[in-house]
Amino acid sequence: MYLRIRHSTTYRYGGPVEFGPHRLMLRPRDSFDLRVVDTALTISPRARLRWMHDAYGNSVAIANFDAPANKLDIVSELVVQRFGSALPRTELEAAAAMTGVVYTDGERAVLQPYLDLAAADPDHVLDQWLADFRNRIGQGSGHLLRDLAHAIHAGLSYALRYDEGTQHPADTLRLQAGSCRDYAWLFIELARRMGFAARFVTGYIHDRTPNAAGLVSTVGLTHAWADVFIPGDGWVEFDPTNDLVADRQLLRVAVARVPEDASPVAGSFTGLTGSFLGLGVGVTIEAIDAPA
């Protein structure tokens with residue numbers, strides 16, 4: 001399956017502002033399940049680009065600007081080939097919800113940052129939710145992590161949020177609502193509390209059935225979900241927002257330990273107070289024939 005992705009980001013200001021360096025995470029990494037066929041990155045005003053790999057191995061472009069402007073346009077265009085992801089084959093015993101899975105010493109040394117908790121739970125909101133979830137083990141699909149994703153999907157209400165940042169997982173549970181990144185971050189911190197190595201994933205989602213009531217998340221924006229490392233299966237994608245597991249609709253761009261390390265576009269500007277007028281983001285994805 002070949003897909004053309006266009007991701008546009010536009011910042012508007014009330015007058016000319018000076019732009020600091022901008023960090024762009026817009027280029028996926030090639031893998032056995034996702035191949036990058038073509039890329040183009042257009043920025044206005046003109047920017048000097050320096051490419052690097054971050055600590056996670058993500059492709060990052062650092063944009064430096066010479067001229068002020070009252071608008072910043074960043075357009076990423078991709079052609080990718082998506083293959084089927086590896087579905088989890090390993091059976092997870094119910095006991096893993098209490099004790100966690102068993103990683104080898106070598107795996108644990110590499111996975112430790114994704115095992116460490118990153119969201120405090122002083123009021124035990126997450127612990128109480130997990131206790132209730134553990135009491136229901138055996139009533140679902142029989143796969144612990146599938147059931148965890150489904151419980152979040154079924155128990156929360158999707159809420160599109162345009163403000164930056166990610167809700168604390170406890171706040172998502174208190175509100176019983178959140179965006180895709182809030183669902184993903186909640187899933188990750190719950191999985192870590194059960195002893196699983198989990199990480200945040202940012203990218204896009206392709207709606208293969210646009211005329212059906214399939215996806216919960218809003219098409220036309222970036223998307224977020226989770227990866228969990230399962231012994232014997234490796235990193236497996238779980239999308240609690242749409243109740244998907246290792247689905248070809250998920251188009252991964254970058255991974256990180258915490259959400260703030262996986263922002264598609266991050267940067268600064270210097271201008272008068274109140275200069276910033278607004279941000280617009282648009283994502284279009286279309287299936288295409290194989291490129292010549």
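Note that the coordinates shown come from a computational prediction; the quantities given were computed from them, not determined experimentally. (Residues numbered from 1 in each chain as written. Predicted model: local features only at pLDDT ≥ 70, side-chain atom pairs only at ≥ 80, totals over all residues. Heavy atoms only, no water.)

Some details on empty space enclosed by the protein
Stated formally: Here a cavity means grid points, on a 1 Å grid over the protein atoms only, where a 1.4 Å probe fits yet cannot get out; a pocket means an open set of points with protein on both sides within 12 Å along at least five of seven lines; lining residues are those with an atom within 4 Å of a point. Grid points are joined across faces, edges and corners, and a volume is the space filled by probe spheres set on the points. Here a strand is any run of E in DSSP of at least two residues, a helix any run of H or I of at least four, and the numbering for each starts at the N terminus. As a working rule, the residues Ala, Val, Leu, Ile, Met, Phe, Trp, Tyr, Cys and Pro are called nonpolar, Asp, Glu, Lys and Arg charged, and the rest polar, with Gly in that last group.
Applying the stated criterion to the full structure yields one cavity of 30 Å³ or more. Put simply, the largest cavity is a space of about 30 Å³. Lining the largest cavity, in full, are Met-25, Leu-26, Thr-202, Gly-203, Tyr-204, Thr-222, Val-253 and Pro-264. With three residues, the top contributor of residues to the lining of the largest cavity is strand β9 (residues 197–205). Of the residues assigned to the lining of the largest cavity, the class counts are five nonpolar, three polar and no charged.

Re the packing of aromatic side chains
We apply this condition: Here a pair means two rings of Phe, Tyr or Trp (six-membered ring of Trp) with centres within 6.5 Å. Their orientation is stacked below 30 degrees between planes, edge-to-face above 60, and tilted elsewhere. Partly exposed residues are those whose accessible area sits between 20% and 50% of the maximum for their type, while under 20% is buried and over 50% is exposed, using a 1.4 Å probe and protein chains only. Whether a charge sits over a ring comes down to the Lys NZ or Arg CZ being within 6 Å of the ring centre and within 35 degrees of the ring normal.
In the structure shown here, the tally under the stated rule is 10 aromatic pairs. An angle of 10° between the planes, with centres 5.7 Å apart, marks the rings of Trp-129 and Phe-133 as stacked. With Trp-129 and Phe-133 both in helix α3 (residues 125–135) and four residues apart, this pair spans about one turn of that helix. The class of Phe-133 is buried, set by a relative accessible area of 5%. Aromatic side chains Phe-229 and Trp-235 sit 5.4 Å apart centroid to centroid with 75° between the ring planes, which places their arrangement in the edge-to-face category. The class for Phe-229 is buried, based on a relative accessible area of 15%. Feature note: the residues Tyr-11, Tyr-13, Phe-19, Phe-65, Phe-269 and Phe-276 constitute an aromatic cluster, connected by ring pairs. Seen from the ring of Trp-235, Arg-199 lies directly overhead, with NZ or CZ sitting 3.8 Å from the centre.

Topic: the sheet that holds strand β2 (residues 22–27)
Where we set the bar: At least two DSSP bridges between two strands are needed for those strands to be called paired.
Here four strands make up an open sheet; going across it, the order is β4-β5-β2-β14 and the pairing antiparallel. Each having just a single partner strand, β4 (47–53) and β14 (265–266) make up the two edges of the open sheet. Where β4 lies against strand β5 (residues 59–65), seven bridges are found, and the strand directions are antiparallel. Bridge pairing in β5 links Trp-51 to Ala-61.

Re unusual backbone geometry
Between Ser-44 and Pro-45 the backbone carries a cis peptide bond, its omega angle lying at 5°. In this fold, Pro-45 is placed in the loop between β3 (34–44) and β4. A positive phi is found at Asp-243, a non-glycine position, where the angle reads about 60°. With respect to the helices, strands and loops of the structure, Asp-243 is situated in the loop between β11 (234–239) and β12 (244–245).

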